[in-house]
Amino acid sequence: MKAVIFAGGFGTRISEESGTMPKPLITIGEKPILWHIMKIYAAHGVKDFIVCCGYKGHLIKQYFADYFVRNADITFDLKNNSFKTHAAPGEDWTVTCVDTGLNTMTAGRLKRVREFVGDETFCLTYGDGVSDVDITALVAFHKERGATVSLTAVQPPGRFGALQIENEKILAFREKPSGDGAFINGGFFVCEPEAFDLIDGDDMVWEREPLETLAKTGKLAAYTHQGFWQPMDTLRDRNVLEDSWASGAAPWKVWS
């Protein structure tokens, strides 16, 4: 099974970092969040990736072009202008980086990678969010429901701590409770190839016409995930993820 990853947006809400690199290359623990997302999928046996590039997409291509060199030990022979790479742990992934346009919307980006996806069920997600969602269970759920698209429904983390107040006295503090209890689209989709037929042009947004049409026809299923999910929309979000990774107990690290 293949996984398509949206990685072409401008990342304007985290411009402190995205001014020099595409958002999916912003690092968590010295590794791009894109790498973390791929590791999540790979832990469930999904190791064939299609990356929808756009803004500064050449840097994503360069990252994978240099992947072995970045992770290998190297001996440089300056006298003879040569070098030798030594064995390094790698990833058994196939990564296809596709230029899907600078200003193309999400559905348009997906349509542009149609030829690389083929005619099989595939995964799809955003290049700026991590989760401990069980991809294996998600795929099984999708097949059982017979949906055209299944999305992972999550409850967003609260942004602020909450106070428990009684009779004008603070009884306790609650650390970042969940939001108002409503579920939102958390990405981590499973899709059938028929979804491509709902996309007409670069200006179409995946979350609008295609998903709304599927919802009206009963072909959009929701896989409820009660576990960890965290987007990286802002610098604050990035710092939350960085702190979690540094603690050694990042919830999305489902690989060994």
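Conventions and cut-offs
- Residues numbered from 1 in each chain as written.
- Predicted model: local features only at pLDDT ≥ 70, side-chain atom pairs only at ≥ 80, totals over all residues.
- Heavy atoms only, no water.
- Disulfide = S-S within 2.5 Å.
- Buried < 20%, exposed > 50% of the residue type's maximum accessible area, 1.4 Å probe, protein only.
- Core = buried A, V, L, I, M, F, W, Y, C linked by side-chain atoms within 4.5 Å.
- Helix = DSSP H or I, 4+ residues; strand = E, 2+ residues; numbered from the N terminus.
- Contact = heavy atoms within 4.5 Å.
- Salt bridge = Lys/Arg side-chain N within 4 Å of Asp/Glu carboxyl O.
- Phe/Tyr/Trp six-rings, centres within 6.5 Å; stacked < 30°, edge-to-face > 60°.
- Lys NZ or Arg CZ within 6 Å of the ring centre and 35° of its normal.

Now for the state of the cysteines. A disulfide bridge is the covalent bond that connects two cysteines by way of their sulfur atoms. One pass over the full model with this rule turns up zero disulfides. As a non-bridged cysteine, Cys 52 has Cys 53 as the owner of its nearest cysteine sulfur, 7.7 Å distant. Note on Cys 52: relative accessible area 0%, which makes it buried. A disulfide-free cysteine, Cys 53 has its sulfur positioned 4.6 Å from the sulfur of Cys 97, the nearest such atom. Among the residues examined, Cys 53 registers a relative accessible area of 1% and is labelled buried.

Below, the discussion takes up the nonpolar core. Ranked by internal contacts, the top residues of the largest apolar core, which has 43 residues, are Met 38, Tyr 41, Ile 60, Ile 135 and Trp 252. Among the secondary structure elements, those contributing two or more residues to this core are β1 (2-7), α2 (33-42), β4 (48-53), α3 (57-65), α7 (135-145) and β15 (220-224). Tallying contributions element by element places α2 first for this core, with eight residues. Apart from the residues within four sequence positions on either side, Trp 252 is in contact with Ile 28, His 36, Ile 40, Val 130, Ser 131, Asp 132, Phe 228, Leu 241, Ser 244 and Trp 245. Grouped together as the second largest cluster of nonpolar side chains are 24 residues, Leu 151, Cys 191, Ile 199 and Met 204 included.

Using the criterion set out here, one finds ten salt bridges in the structure. Among the salt bridges present, the one from Arg 112 reaches Asp 202, with a minimum N-O distance of 2.5 Å. Of the two residues, Arg 112 is situated in helix α5 (residues 106-112) and Asp 202 in the loop between β14 (189-191) and α8 (209-216); the sequence distance between them amounts to 90 residues. Salt-bridge contacts for Arg 114 lead to Asp 119; the nearest nitrogen and oxygen are separated by 2.9 Å. By relative accessible area, Arg 114 is classed as partly exposed at 28%. For Asp 119, a relative accessible area of 64% puts it in the exposed group.

Within the fold, His 142 resides in helix α7. By relative accessible area, which is 1% here, His 142 ends up buried. Remark: the alpha-carbon pair of His 142 and Glu 192, spanning 50 residues in sequence, is separated by 9.5 Å. Each residue touching His 142, except ones within four places of it in the same chain, is listed here: Thr 121, Ala 147, Thr 148, Val 149, Ser 150, Val 190, Cys 191 and Glu 192.

What follows concerns the packing of aromatic side chains. With the rule as written, the count across this model stands at 15 aromatic pairs. Here Phe 76 and Phe 83 contribute two aromatic rings whose centre-to-centre distance is 5.9 Å and whose plane-to-plane angle is 45 degrees, an arrangement assigned as tilted. What makes Phe 76 exposed here is its relative accessible area of 55%. Classification of Phe 83 as exposed rests on a relative accessible area of 53%. Seen from their ring centres, Phe 228 and Trp 252 are 5.8 Å apart, and the 25 degrees between their planes marks the pair as stacked. Of this pair, Phe 228 sits in the loop between β15 and β16 (229-231) while Trp 252 sits in the segment after α9 (235-246), and the two are 24 residues apart along the sequence. Grouping aromatic residues by their ring pairs yields a cluster made of Trp 35, Phe 228, Trp 245, Trp 252 and Trp 255. The positively charged end of Lys 31 is found above the aromatic ring belonging to Trp 35, 5.2 Å away from the centroid.

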